[in-house]
Structure formats: structure tokens, C-alpha cells
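In case you want the letters, here they are:
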Amino acid sequence: MEIRFWAATDVGRTRDHNEDNFLVDKKLNLFVVADGMGGHAAGEVASSMAVREVRRVIAEHRDVVENYVKEETPAGRQALIRLIASSIEQACARIFHLAQENPDKRGMGTTLSMMLVANKRGFIGHVGDSRIYLVRAGQVHQLTEDHSLINELIKRGRLKPGDAFDSPYKNAVTRAVGVYESVEVDTFDFDVLPGDNYLLCSDGLSCYLDDDVTRSYLTADNVKEIPEQFIRLANESGGKDNITAVVVRAQVAREDDAQKKRVTEVKQKLDTLRVLPLFKYLGYRDLVKVMNLTEPRKFKGDELIFEEETRGETFYVILEGRVRITKKDIHLADLGPGGHFGEMAMVDKAPRSATARSLEPIKALAIERSQFYELMRADPKLSVKLMWSFIQVLNTRLRMTNSELLNSHETIDILRQNQKPGVVAELPNVDPGLQAVAALPVMVTDELLPDFLFDDADHPGTDPLIRAEEGDDDGVETADDAASRTTVPDEFEVDDAQIESADSVMKTRLDQPALRVGDGTADE
């Protein structure tokens, strides 16, 4: 799979200097955007140091990346995720200590959003309110969550996404690299598929984007023109801040059967998980996190999957084939694609209440309890959504059970009332449907949808944070306008050893160019 990319940055229309920085390392397939903050040019220093330090740490441990590229293993994947988090944490510590040594730079910091592509998988590290978007199959997904006061107010129900236009807190971040000695880093990994389009950008661009704009711009034919088009859009809309855009596109020279199969499998997994009641409140990013836990398993026809009264720690979701659920040889249900069974193993250690056996060859996703718990521990917001789903499903099953019990008691009472003297009435067994309740697929209706289930990343679509200003652009670009823009030159995609960054291709306009990012070379 070939990775194509292009990048540009611009000072915008209201700032007198550019505190954004970006970095691309073609050999590592590493892409970074940072938006600095702090007076006395401290923001430039922070963003510059952050992208350099991240690149240095990953380059020094490139064996972790190379090992994963050679063999995609769960252990290698976790090692790479830890490396990404560590690179940002080390950048945070260095920026903080530099600020402590220079009183005029105290409190400087930067946002940082990075993506590394290793083989067929993407890895994200993120702090702050810069963003990474994905456009896949015509749908726009925001892969990062803003660490901003706006987002916190939305989470707590004190602000609606569409009301952010007039909020005085538009520029307040709740997490940044370098302000404190340490920082919590969001990490995320996902399948990279042919045709994927990614945008890494600072908030000087994202504040003007909605889904339609992002989709139309990011899917344009010529990758090299897209960053400039995004910058032009932001400036024509007001240019309230520095603007940086890094565009990454995954494509294959020739699509083969293996590529088609992989795309189909990823889509099948996500589509199957999306319709399950247990995962109905999860957004795209959360669904990918759940999918990352799953292990594909296959069973032959008429193969025992698990038996009643045995203990297990696995929850199954059927992708292909059919499974029969029985209890004491009583047929309870047949489940097909999209069906799931064994989910109670996620919430208790009781023996299995039924037996599951394949009726035909089965392809399923398996989720282990320990991994499920680790995901919930690491992501409290996702944990709340999952627990609410469990409550809804269990509540529905309890109502079904009560209904079946009531029907059974009514039948027994009728038989007793009509019993003839000297005749022993044969009382019926409890309705087999009662025993099947735990195995039947459940679709929750009339459920409550509390506000705490949703935040800005779950909102169906990304709203612009700032309204475009009418008549702000005269359509004429001056020499100063052109000089303020930084675009990657033609040789950007030629030299495999080259790293390009915002200032390495910009004419020096600062008194201390050494504090800017990059010298246009890469370590061999």
C-alpha cells in the first residue's frame, strides 16, 4: 500500500507570526501537527521542540516500528502504542524543563496530534485540540477528541455543539504538551484501508470545517493541491489563527483479491458490532476500540463452542454461519450473523446457563473478559456507554421474564379452578420461552437516552466552531500573503531520507531560526 501526502502552513490573517509546526518523516511514515501557545515566541519554541522530540524518540526506537511491520503481533502493537505515548511524554518533559530554565517562557506549551502508519495499521497520539480526520467510503470520522473547555462543557450538558460559535471559551484547552512536566496522552490504532484520506490540522483550520467541506476537499484528485485549498478556505472564512494542514492518502497501485478481502472483513466486523444493542451508543472511534479487542475464531459444523454448567470468559459475535443454543436438550434459539451469545461472562463468573453448538461452519469474533475490562478501565466514557447498554438489555430481559412468569401462573390458576373432583390435573411445565429469554436477541425499545452518553465526538457530524465572515476576502493575494504561506516543495516526495517541516522550507523571518523546526535532513 502506498502512502501519499502533502502539507502546508500559513500565518493566517490576524496573527503576526506562526506558532504552528508540522513534521513529516517519509521513511517512518510519521506525520505530526503542533499548535504552540505562550508569549515571547514561546509557542513557536514549544511546537518546534515537540515535533523534533517526538521524531527523535521514534527514530531512536525505529526497531519497534520495523518489528511490527515485519510481523503484526498483539505484543508488537502494544509496544508501538507505548512508544508513541512515550515520545509525547518525553517531549512534554523537555518543554517543561526548558520553560523552567527561561522565565520568559514559563507556561509555554503546545497541542500535538501525530499519526504513524506501520504496514496496514495507523497509530495516533494526541494531546490538545488539533485534530485528525478520516474520510472513508464517503463518511467523515473525527479520530481525535478535543481536550478543550468547549468539549468539557458539551460533555456536562452545559453547552450544545452548535452553540460553540458564541462561547468565550473557544480557545481554551484542558490538556497540552509542556505546560506541566507530564501529560496524559490519548492513543488510538486502527486499520488503514486503500482509499482512506486523512487530515491532520490545527484548530486554525478545524474551526471552519463541517462534514461536507471536509469530505469534498479531502477527496480531491490531486493530493498536492488539497492543503493549499484548505488554507485558502480558512483565510477566506476569516483566518482567525495560524493554519496548518497535513493530508495523507492510502492507495494501492493495483487492487488484488487480498486487498478486497481485507476491506470487506474490516467493514463486516464494524457493521456487525454497530448493530448490536450492547454497542448501540458507541461512536465510530469507540467501535474501532472494541473491534481491536476481538479475535477471529472459526468453528467447524456441529462443533461444541461451550457447554452449560462450565465456566467461561469469552463473549462471541457471529459473522458467518449459525449457532444453536440449548439448555438441558431443550432448543432455545438459533442465531445467525449479527447474533451474539455468552455476554454474561463479561459481568459474572457464574457457569454458562446454556450450551452453544455450531450448526454449520462458523466465523465469529471473540472478546475476552480481561481485555474488555482493560478497555473499560482505560476509557471511563466508553465504560459508561457500555454499562448503560447492559442495563437496557438486562432490563428488557427482566420484563420479558416477568411477562412469561405471569402467563404461566395464569395458566396454572385456570387449570386449578377447572379441576374436576377426583381428577388429578397435569400442570404444564413453565413456558420454554421463559428459559429462552437469556438466549434470544433483544432489541431495546422505549429506552432513555441520557445526555451523559454523548459528547462532541459522538455528534453526527463535525460543526464549525467559528462562522465564516462575509466579504472578508477580496480575492487578491499579495506578495506578503504568498510569503506568509509555507508549502512543501516538489522534492518533498522524492528524497526518501528527507523530513520536511514548516520552517525548513520557509525563508527565515525570525531572529532565532534555530528555534524553529527541522533542518530538512533525516538521520540515516
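Scroll up for the structure.
Reading the values: the criteria
Residues numbered from 1 in each chain as written. Predicted model: local features only at pLDDT ≥ 70, side-chain atom pairs only at ≥ 80, totals over all residues. Heavy atoms only, no water. Helix = DSSP H or I, 4+ residues; strand = E, 2+ residues; numbered from the N terminus. Contact = heavy atoms within 4.5 Å. Areas by Shrake-Rupley, 256 points an atom, 1.4 Å probe, with all protein chains shown as cover. Pairing = 2+ DSSP bridges. Axes fitted to C-alpha atoms, helices over the stretch in contact; angles between N-to-C directions. Parallel < 35°, antiparallel > 145°, perpendicular 65-115°, else oblique. Left-handed = near helix turned anticlockwise from the far one by under 90°. Nonpolar A, V, L, I, M, F, W, Y, C, P; charged D, E, K, R; others polar. Disulfide = S-S within 2.5 Å. Buried < 20%, exposed > 50% of the residue type's maximum accessible area, 1.4 Å probe, protein only. Arc of directions from axis to C-beta.

Student: For the overall build of the protein chain, give the residues involved together with the corresponding values.
Tutor: Assigned secondary structure in the protein chain consists of 13 helices and 20 strands. Within the protein chain, residue pairs in contact and separated by at least 24 positions form 75% of the contacts whose partners lie at least 6 positions apart. Split by element, the accessible area of the protein chain, about 25100 Å² in all, is 49% carbon and sulfur.

Student: So, the sheet that holds strand S12 (residues 304-306): which residues are in play, and what are the values?
Tutor: If you walk across this open sheet you meet the four strands as S12-S17-S14-S15, and the pairing is antiparallel. Two strands lie at the open edges of the sheet, namely S12 and strand S15 (330-335), each paired on one side alone. Across the sheet, the mean angle from the axis of one strand to that of its neighbour is 30°, orientation sign disregarded. Judged from the four bridges that link them, strand S14 (residues 323-327) and strand S17 (residues 355-358) form a sheet pairing that is antiparallel. Following the sheet pairing, Thr326 is matched in S17 by Thr355.

Student: I'd love a proper account of the packing of helix H1 (residues 42-60) against helix H3 (residues 74-101), names of residues and values included.
Tutor: Interaxial distance between H1 and H3 falls to 8 Å at its minimum, and their mutual angle equals 140°. With respect to H3, the element H1 is oriented oblique. For the crossing formed where H1 meets H3, the hand is right-handed. Of the residues in H3, those touching H1 at Val45, Ala46, Met49, Ala50, Glu53, Val54, Arg56, Val57 and Ile58 are Leu83, Ser87, Ile88, Gln90, Ala91, Arg94, Ile95 and Leu98. For the contact of H1 with H3, a count of residues per class yields 12 nonpolar, two polar and three charged.

Student: Explain the state of the cysteines to me, using residue names and the numbers behind them.
Tutor: Tallying each qualifying case throughout the model produces zero disulfides. The closest cysteine sulfur to the non-disulfide-bonded Cys201 is located on Cys207, 9.1 Å from its own sulfur. Accessibility expressed as a relative area gives 0% for Cys201, which makes it buried.

Student: Can you explain unusual backbone geometry? Please cite residues and give values.
Tutor: For residues besides glycine, phi is generally negative; the peptide bonds are generally trans as well. Of note in the backbone geometry, Asn119 takes a positive phi value of approximately 60° without being a glycine. The residue Asp329 is not glycine, and still its phi comes out positive at about 65°. On the secondary structure map, Asp329 appears in the loop between S14 and S15.

Student: Tell me what's going on with helix H2 (residues 62-70), and back it up with residues and numbers.
Tutor: For H2, the full list of buried residues reads Arg62, Val64, Val65 and Tyr68. Axial view of H2: buried residues confined to an arc of 155°, hence all on one face. Among the structural elements, H1, H3, strand S4 (109-118) and strand S5 (121-127) are those in contact with the buried residues of H2.

Student: Tell me about the packing of helix H10 (residues 369-378) against helix H11 (residues 380-417), and name the residues and values.
Tutor: In contact at an axis separation of 5 Å, H10 and H11 are set at 120° when each is read in the N-to-C sense. The angle between the axes of H10 and H11 places the two elements in the oblique class. Residues Phe372, Leu375, Met376, Arg377 and Ala378 of H10 touch H11, and the partners they reach there are Pro380, Leu382, Ser383, Leu386, Met387 and Phe390.

By themselves, these observations are geometric and do not establish any function.
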